[in-house]
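Here are the chains, one letter per residue:
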Amino acid sequence: MQQATISQVRRAVNNHIGSRVRVLENQGRHRVDVTEGVITETYPSIFLIQVESEMEDSFKTVSFSYSDVLTKDIKMVLCS
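Structural notes, computed from the coordinates. Note that the coordinates shown come from a computational prediction; the quantities given were computed from them, not determined experimentally. Position labels on residues start from 1 in each chain and follow its written sequence. Thresholds applied to this predicted model are a pLDDT of at least 70 for local features of residues and 80 or more for the giving and counting of side-chain atom pairs; totals over whole chains, interfaces and linings are not thresholded and use all residues. The side-chain figures draw on all heavy atoms in the structure; neither hydrogens nor water molecules are used.

Comments concerning the sheet that holds strand β3 (residues 46–52)
Note: two strands are recorded as paired if DSSP finds a minimum of 2 bridges between them. Think of it this way: any DSSP run of H or I at least four residues long counts as a helix, any run of E at least two long counts as a strand, and we number them from the N terminus. With antiparallel pairing, the five strands of this open sheet are ordered in space as β4-β3-β2-β1-β5. Pairing within the sheet leaves two strands with one partner each, and these edge strands are β4 (59–65) and β5 (74–78). Averaged over all pairs of adjacent strands, the angle between strand axes in this sheet comes to 40°, irrespective of strand direction. Looking at chain direction, strand β2 (residues 32–42) and β3 are connected through five bridges and run antiparallel. Lines fitted to the C-alpha atoms define the axes, with helices restricted to the stretch that makes contact. Angles between their N-to-C directions range from 0 to 180 degrees.

Structure representation (structure tokens):
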């Protein structure tokens, strides 16, 4: 049952490659880290988001797993 759910999350993320997203990452004790970037690549167990760094013309890549989405450790929202 859980395998099908991970497949659905993987498919949804894969359909939005190149889209801008806002990721809310739960860090415990009422702390939330907000990251905004573009989904660049997907792999069987993780996906990558490219985030603009504070320095001009530089980017950093952040990875998240599909299970993070399932366990609600992160929430993703499409940006318009």
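There is more to say after this.
Some details on the environment of Phe59
For Phe59, the position within the fold is in strand β4. For the pair Phe59 and Ile39, spaced 20 residues apart in sequence, the C-alpha separation works out to 13 Å.

Structural notes on the pattern of salt bridges
Each salt bridge in this description consists of a side-chain nitrogen of Lys or Arg and a carboxyl oxygen of Asp or Glu lying within 4 Å of one another. Applying the stated criterion to the full structure yields two salt bridges. For Arg20, the salt bridge is made with Glu36, and the minimal N-O distance between the two is 3.2 Å. Taken as a pair, Arg20 in strand β1 (residues 20–26) and Glu36 in strand β2 lie far apart in primary sequence, 16 residues in all. Burial classification: accessible surface area is computed with a 1.4 Å probe over protein chains only, and a residue below 20% of its type maximum counts as buried, one above 50% as exposed, and the rest as partly exposed. A relative accessible area of 37% means that Arg20 is categorised as partly exposed. On the basis of relative accessible area, Glu36 is assigned to the partly exposed category, the value being 31%. Of the charged contacts in the structure, one is a salt bridge between Glu36 and Arg22, with a shortest N-O distance of 3.2 Å. Of the two residues, Glu36 is situated in strand β2 and Arg22 in strand β1; the sequence distance between them amounts to 14 residues. Here the residues in one salt-bridge network are Arg20, Arg22 and Glu36, joined through shared partners.

A short note on unusual backbone geometry
The phi dihedral of Arg29 is positive, around 50°, even though this residue is not glycine. Despite not being glycine, His30 has its phi angle at roughly 65°, a positive value. Positionally, His30 belongs in the loop between β1 and β2.

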